[in-house]
Number of protein chains: 2
Amino acid sequence: MFESAELGHCIDKKRYDAEVPVLREALLDVQYALAEQAHFPVILLVGGVDGAGKGEVVNLLNAWMDPRHIRVHALAEPTDEESSRPMMWRFWRALPPKGKIGVFFGSWYTHPMMQRMQGNIKGAELDQCIDEITSFERMITYEGGLIIKLWLHLSKKVQKKRLTKLAENPDTSWRVTDTDWQHLKLHDEFIKVAEHVLRETNTAEAPWIVIESSDFRFRNLTTGNYLLEAIRKRLATPSPLSPVGVPPLPPALDDKTLLSSLDFSLSLGKKPYQQQLAKYQGELNLLMRHAKFRNKSLIAVFEGLDSAGKGSAIRRISQALDARHYRIIPVAAPSDEELAQPYLWRFWRHVPGNGEFTIFDRSWYGRVLVERVDELCHEADWMRAYKEINDFEAQLIAHDTIIVKFWLAITREEQLKRFHAREEVGYKQFKITGDDWHNRDNWQQFDHAVCDMVDRTSTDIAPWTLVEANDKRFARIKLLKTLCERIEQALD
Amino acid sequence: MFESAELGHCIDKKRYDAEVPVLREALLDVQYALAEQAHFPVILLVGGVDGAGKGEVVNLLNAWMDPRHIRVHALAEPTDEESSRPMMWRFWRALPPKGKIGVFFGSWYTHPMMQRMQGNIKGAELDQCIDEITSFERMITYEGGLIIKLWLHLSKKVQKKRLTKLAENPDTSWRVTDTDWQHLKLHDEFIKVAEHVLRETNTAEAPWIVIESSDFRFRNLTTGNYLLEAIRKRLATPSPLSPVGVPPLPPALDDKTLLSSLDFSLSLGKKPYQQQLAKYQGELNLLMRHAKFRNKSLIAVFEGLDSAGKGSAIRRISQALDARHYRIIPVAAPSDEELAQPYLWRFWRHVPGNGEFTIFDRSWYGRVLVERVDELCHEADWMRAYKEINDFEAQLIAHDTIIVKFWLAITREEQLKRFHAREEVGYKQFKITGDDWHNRDNWQQFDHAVCDMVDRTSTDIAPWTLVEANDKRFARIKLLKTLCERIEQALD
């Protein structure tokens, strides 16, 4: 990867001084065009060897461009909040919105490479990180992001020369620390790991751009020019589309579906309901206060058609809990801020930390439900979402999150009855809107979308539970019972 | 993955008999449209559980469609020729050309899943196979292929019922073997592995389509209808494009390049040349007859601009060898047959088996050299090729192939001298054509393409050797010496 970056590239002062002002002006121009168009974010990774001047380059970009539209993330050791969540959480948090430039000085590559270099993880574990990273970068690209990965390189010889020169001069010798010499010794090992990682992540969507950094003028000018060209080119081309594969399977020929096969006559009397409600609420409360839960977190996803009883079921759960230990996230149409980000961003931001419980009243599954049915995104977009969602959940589970997913199923007749009942009761009228009737018209399409969703995202690590919800009492007890069982299993 | 495929879907005889003739006619229509348009191949995988009728479905498709445009590959145990090469070789060999349908009954999924089920490989090894498979399927999709992956499913209950029914009837009991009962016992384990693999390979480019197979009519009609729709849809849409990432780095600002930094004054006198030629030819001959080489294979890639001396250097190597042990593959413009396939296909077909040595006079690197410079493919196509090529070589190396890659470098002046010399000698005039002069005009672009190629594909497992070739004697000795060293290392 580094052959052309060890040739001793350099640029003389005269040329540098002449070209920099022109470049700065052009960079500002594309930056404003980017902000005005606001069609895509630029995600700039600045990586490379020690002493190559990563920090200087980041400072330079900040100086050359308008800092209002650029945001630098110098991510060092993770904070408490960050280590309490999956590795990628801190990067999701820091993603720039459309129209802005996010500079990552220390990126999702840093930690896995360091871990491997220090022998803390095996080659196979590194390869798994690489796999997660390429999936992540691919998704960001499909969502419209422009990912620019710069690698600032120095040969070992130049690195050594630089340190020796500083050490020999009494005025600068203080700048050379023991750590610097230690890092020099690790150069070969570092380069070996870096070569492997760069080669494996040198994808079509986000290839690496290696820049020799022995001469600061060459480095700065090459970096600036490249950034300019990459953004300019992307401004001039339409957004990349998701890859189009084969279509989904249409509804089954015999009209039989998972949902239509449920037994909607299941019900529970008032008395056993109250007994069991008390029982499972107590159990849930104890489980959430279990010592082992402090190193785990819990996500409960509630999905279901309008009036299926999500809200009232969630209340039966929250009643059992201490308000400090849970959060309910009601998911409606995305805000402007959320629309300027990849669709999973607004869910990543609410991922619970250790010891926390987050209840999603509707969730990321909207991508493959309402967004699919109402054609708010292309077929290719929601077709790729199944794997992206599975990957998202797998990352959470790898970080000891328990995920419990419920689909509250009601029949079409039951829904109509509930709609009419709501219209009749004054304080419930706000709960029924034109959207509800519109969604009801698309009953078949929702039914099909739900079955596809269950088929493609009910995994052994995060299975769906279908809840027969025509009878609210039956539904609530099944929910609570399942929730308790899943937590118990996970704590065992 | 299988929830909707355990509902007991079925279709009655009357409907089946009415719909099949219509479907068959429509299938023939799309098949002819596919053959006539000849823009893309259809790669149909038929997988699933035992007893679901994979074989019946394949037979049916053969019966329903025109067998001239369909080719079934029932790949069972690999042949000697196949096991002597990387796992994917047999599938590359079998890929259908544009306009045809290739049915894979037993696919690249079969072997890894079986191995995992039998406990012969670990989870991490399975995941590595999955990684190779998704890369492969992605490449095929970018190259225009339509991949349809069908999974025929039966619940354990239905599988058992089917066997019991056959066993109870004296007329059919002979059909139920011990193996069948054994497989039934393995159902749960099989499904567990299958769920994992299907979920991980349920990509945007090639998602799985699961079809319940307890009722043969439902299974057949669903399969036929799906195939029809998938091909129809693709016939009506333009070919998918490669994902567009950032542009490559332009030539270095100071015009210094890897090639221009070589020492072209290196030369060798006639006498030491003859001595060393004899020495290394002898060494090479011994190495190729070494007992350990029988389990290895060797690929030498020769690249270089016109008149760089590839042909004469190759002759110095072949002189040392027994004609039974090596093959020279001269690579020119692709044939019609090759053009109907992904670009790597014509190289996969020449991959050497154990104990064999293949010399490529030009190679797959044409994708990132002449095809890039002459704009024979899009930038996005050759940008993704670097990783595809690295993956290709990694597969070969994992199968104990030694890969040695040479770039024969000459200066622009030296080339001109050689061109003129060729024009003057009658029997060498055929060696100089308009193409040669055309390529010479693109000297700078080639120089840049070569440097990018070395930077992005010179890996620790398959490094490039740049050979200063202005002096032919020096070049030939460096080649032979490097070749011997690399083989020695690998045999150690």
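About the cut-offs
Each chain carries its own residue numbering, running from 1 in the direction its sequence is written. Just so you know, chain letters begin at A and ligand numbers begin at 1, following the order they were written in. Under the rules for a predicted model, residues below a pLDDT of 70 receive no local features and side-chain atom pairs below 80 are neither given nor counted, while totals for whole chains, interfaces and linings still include all residues. To get the side-chain values, take all heavy atoms of the structure and skip hydrogens and water. Bear in mind that the domain bounds are from an automatic or database domain assignment. Two residues qualify as a contact provided that any one of their heavy atoms is within 4.5 Å of a heavy atom in the partner residue. Here the quantity called buried area is the total loss of accessible area, with a 1.4 Å probe, experienced by two parts when brought into contact, counted for both. Salt bridges are defined as contacts in which a side-chain nitrogen from Lys or Arg sits within 4 Å of a carboxyl oxygen from Asp or Glu. Here the aromatic set is Phe, Tyr and Trp, taking the six-membered ring for Trp, and pairing holds for ring centres within 6.5 Å; pairs whose planes are under 30 degrees apart are stacked, those over 60 apart are edge-to-face, and all others are tilted. Numbering of helices and strands runs from the N terminus; a helix is a DSSP stretch of H or I covering at least four residues, while a strand is a stretch of E covering at least two. Working definition: with a 1.4 Å probe on protein chains only, accessible area under 20% of the residue-type maximum means buried, over 50% means exposed, and in between means partly exposed. Whether a charge sits over a ring depends on NZ of Lys or CZ of Arg being within 6 Å of the ring centre and within 35 degrees of the ring normal. As used in this structure description, the phrase polar contact means that two N or O atoms lie within 3.5 Å; if the pair is within protein, one of them must be able to donate a hydrogen and the other to accept it, and residues adjacent in sequence are counted only when both atoms belong to side chains. A pair of strands counts as paired when DSSP detects no fewer than two bridges linking them.

(A) Structural detail: the domain arrangement of chain A. Residue and element names in this part refer to chain A. Taken as a whole, chain A is organised into domain 1 (3–236) and domain 2 (270–491). One C-alpha centre belongs to domain 1, the other to domain 2; they are set 40 Å apart. Residue-level contacts link 18 residues of domain 1 with 21 residues of domain 2. Carbon and sulfur atoms make up 57% of the area that domain 1 and domain 2 hide from each other, which totals about 1700 Å². For domain 1, the biggest contributors to the area lost against domain 2 are Pro86, Trp92 and Glu143; these three give 35% of the whole. Remark: the boundary between domain 1 and domain 2 carries three salt bridges. Two residues, Arg85 and Glu356, come together in a salt bridge whose shortest N-O distance is 3.5 Å.

(B) Focus on the packing of aromatic side chains. Within the structure shown, the criterion is met by 42 aromatic pairs over all chains. Plain terms: the ring middles of Phe91(A) and Phe104(A) are 6.4 Å apart, the flat faces sit at 55 degrees to each other, and that makes the pair tilted. Of this pair, Phe91(A) sits in helix H4 (residues 89–94) while Phe104(A) sits in strand E3 (residues 101–105), and the two are 13 residues apart along the sequence. Accessibility classification places Phe91(A) together with Phe104(A) in one group, the buried group. Measuring from ring centre to ring centre gives 5.4 Å for Phe91(B) and Trp108(B), while their planes differ by 85 degrees; the resulting arrangement is edge-to-face. One end of the pair, Phe91(B), is in helix H4 (residues 89–94); the other, Trp108(B), is in the loop between strand E3 (101–105) and helix H5 (110–117), with 17 residues separating them in the sequence. Judged by its relative accessible area of 1%, Trp108(B) is buried. By the ring-pair criterion, three or more aromatic residues cluster together here, those being Phe91(A), Trp92(A), Phe104(A), Trp108(A), Phe136(A), Phe347(A), Trp348(A), Phe360(A), Trp364(A), Tyr365(A), Phe392(A) and Trp464(A). The residue whose ring lies beneath Arg234(A) is Phe40(A), and the NZ or CZ to ring-centre distance is 4.5 Å. Arg456(B) extends its terminal NZ or CZ atom over the ring of Tyr386(B), reaching a point 5.8 Å from the ring centre.

(C) Representation of the interface of chain B and chain A. Chain B puts 64 residues into the contact, and the matching count from chain A is 64 residues. Between chain B and chain A the total buried area reaches about 5600 Å² when both faces are included, carbon and sulfur atoms providing 56% of it. Three residues stand out in chain B for area buried against chain A, namely Arg199(B), Val246(B) and Leu253(B), and they jointly supply 13% of the buried area on that side. When the shortest N-O distance is used, the salt bridge between Lys233(B) and Glu379(A) registers 2.6 Å. Linking chain B to chain A there are 28 residue pairs in polar contact (both at pLDDT 80 or more).

(D) Spotlight on the pattern of salt bridges. With the rule as written, the count across this model stands at 60 salt bridges over all chains. Of the charged contacts in the structure, one is a salt bridge between Glu414(B) and Arg418(B), with a shortest N-O distance of 2.8 Å. Residue Glu414(B) and its partner Arg418(B) are both found in helix H17 (residues 412–424); the two are separated by four residues, about one turn of the helix. Residue class for Glu414(B) comes out buried when judged on its relative accessible area of 13%. Residues participating in the shared-partner salt-bridge network are Glu143(A), Arg367(A), Glu371(A), Asp381(A), Arg384(A) and Glu388(A).

(E) Representation of the pairing of E3(A) within the structure. Residues and elements named next belong to chain A. Summarising burial for E3: four of the five residues are buried, a large majority. Bridging between strand E1 (residues 42–48) and E3 involves five bridges; their strand directions are parallel. Bridging across to E3, Ile43 finds its partner in Gly102. By the bridge criterion, five bridges tie strand E2 (residues 70–74) to E3 in an arrangement that is parallel. Note on E3: the bridge partner recorded for Ile70 is Ile101.

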